[in-house]
Amino acid sequence: MSTIEQLSEALQRGNAKEVTALVQEALDNGVTAQRILDEGLLKGMGLLGVRFKNNEVFVPEVLIAARALNKGVELLKAKLIEEGVKPIGKVIIGTVKGDLHDIGKNLVKMMMEGAGFSVIDLGVDVSDESFVEAVKTHQPDILAMSALLTTTMNQMETVINALSSAGLRDKVKVMIGGAPITQSFCEQIGADAYTPDAASAAETAKTFVS
Ligand code: B1M
């Protein structure tokens, strides 16, 4: 098995120590940072995402793999900048006002980063004003919102209305998700996409920038 294949495997097992050693080994052998990222780390994360979607692995495995991915990316960062590798798009993500649940949001963030996006995380309990301000400042391709409570999901519509009032609605794709969210809710509030899980969120995000 090649170093790159071993890297993809180690990433899926969430072995951060092995991941950093293999990234270093590949760099020492002259493999480009871009190839290490695409064919090793991101491929591994993509495969794990599919297994997550199919309920073959669960939240802890994905979180551990994401930590290993971050370690590997840290090691590659300088080289990637040197090679001029650009992210495929920019995402702003947050959990809506009044809602403190962030495990699902963090998974979506990791999967999007794994798919090659740069992600600005506004955290939890994010007001419509803060979402709008962040869209104004960072001009992302996608605004991603998470809500886990039936009492907070309507905040998503408030944010979309606030984007419209600020003249920003047609400048950004709005993606939503979280346990109480449905496709019909998505259509009702005028969001661009609802996805039920983190892996499909990353897949759908890619279609918005391709
Ligand atoms: Co809370 N909680 N919680 N909670 N909590 C739920 C959501 C609840 C369903 C539990 C229940 O009663 N059965 C219930 C909501 C009921 C409702 O509104 N219908 C509930 C409640 C009521 C509350 C409190 C009000 C409890 C109280 O204080 N009385 C309170 C509210 C606090 C607040 O937010 N203001 C509260 C607090 C908490 C904790 C702080 C203790 C903790 C959160 C810790 C944290 O997030 N850091 C917590 C937890 C852990 C849960 C449960 C048990 C698990 C949620 C979770 O992380 N799941 C949850 C019950 C449950 O869901 N079984 C529950 C794992 C996570 C991976 O799934 O977030 O759904 P999820 O993300 C999924 C998808 O939804 C999707 O991708 C992920 C998977 O790939 N997804 C997106 C999520 N965001 C997306 C965005 C996208 C696309 C996909 O695009 C942008």
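Here the structure is a predicted model, which means the values were calculated and not measured.

A. Structural detail: the overall build of the chain. Helix and strand counts for the chain stand at nine helices and five strands. From first element to last, N terminus to C terminus, the chain shows the α and β order α-α-α-α-β-α-β-α-β-α-β-α-β-α. The C-alpha atoms of the chain give a radius of gyration of 18 Å, which matches the 17 Å a tight globule of 210 residues would have. By residue count, 46% of the 210 residues in the chain fall in the buried class. Within the chain, contacts between residues at least 6 apart in sequence are counted, and of these 71% link residues at least 24 apart. Summed over its atoms, the accessible surface of the chain is roughly 10,200 Å², and 51% of this surface lies on carbon and sulfur atoms. For the chain, the distance from the average site of its 20 positive side-chain charges to the average site of its 27 negative ones is 3 Å.

B. Up close: the domain arrangement of the chain. Taken domain by domain, the chain comprises domain 1 (3-83) and domain 2 (89-209). Placing a centre on the C-alpha atoms of domain 1 and another on those of domain 2 gives a separation of 26 Å. Counting from both sides, the interface comprises 11 residues of domain 1 and, opposite them, 12 residues of domain 2. Together, Leu42, Phe52 and Lys53 form the three largest contributors to the area buried by domain 1 at its contact with domain 2, with a combined 38%.

C. How the structure looks around the site of the ligand. Taken together, 27 residues sit near the ligand, with Leu100, His101, Asp102, Ser146 and Ala198 positioned nearest. A distance of 2.6 Å is found between an oxygen atom of the ligand and a backbone nitrogen or oxygen belonging to Leu100. Ala179 is positioned such that a nitrogen or oxygen atom in its backbone is 3.3 Å from an oxygen atom of the ligand. Breaking the shell around the ligand down by element, the ones donating at least two residues are helix 5 (103-114), strand 3 (142-146), strand 4 (173-177) and helix 9 (198-209). The dominant element in the shell around the ligand, judged by the number of residues it contributes, is helix 5, at four residues. Residue composition of the shell around the ligand, grouped by class: 16 nonpolar, eight polar and three charged.

Thresholds applied
Residues numbered from 1 in each chain as written. Predicted model: local features only at pLDDT ≥ 70, side-chain atom pairs only at ≥ 80, totals over all residues. Heavy atoms only, no water. Helix = DSSP H or I, 4+ residues; strand = E, 2+ residues; numbered from the N terminus. Rg over C-alpha atoms; globule rule 2.2 N^0.38 Å. Buried < 20%, exposed > 50% of the residue type's maximum accessible area, 1.4 Å probe, protein only. Contact = heavy atoms within 4.5 Å. Areas by Shrake-Rupley, 256 points an atom, 1.4 Å probe, with all protein chains shown as cover. Lys, Arg positive; Asp, Glu negative; His and termini not counted. Charge placed at Lys NZ, Arg CZ, Asp CG, Glu CD. Domains from an automatic or database assignment. Buried area = accessible area lost by both parts, 1.4 Å probe. Near = heavy atom within 4 Å. Polar contact = N/O pair within 3.5 Å; in protein donor to acceptor, adjacent residues only side chain to side chain. Nonpolar A, V, L, I, M, F, W, Y, C, P; charged D, E, K, R; others polar.

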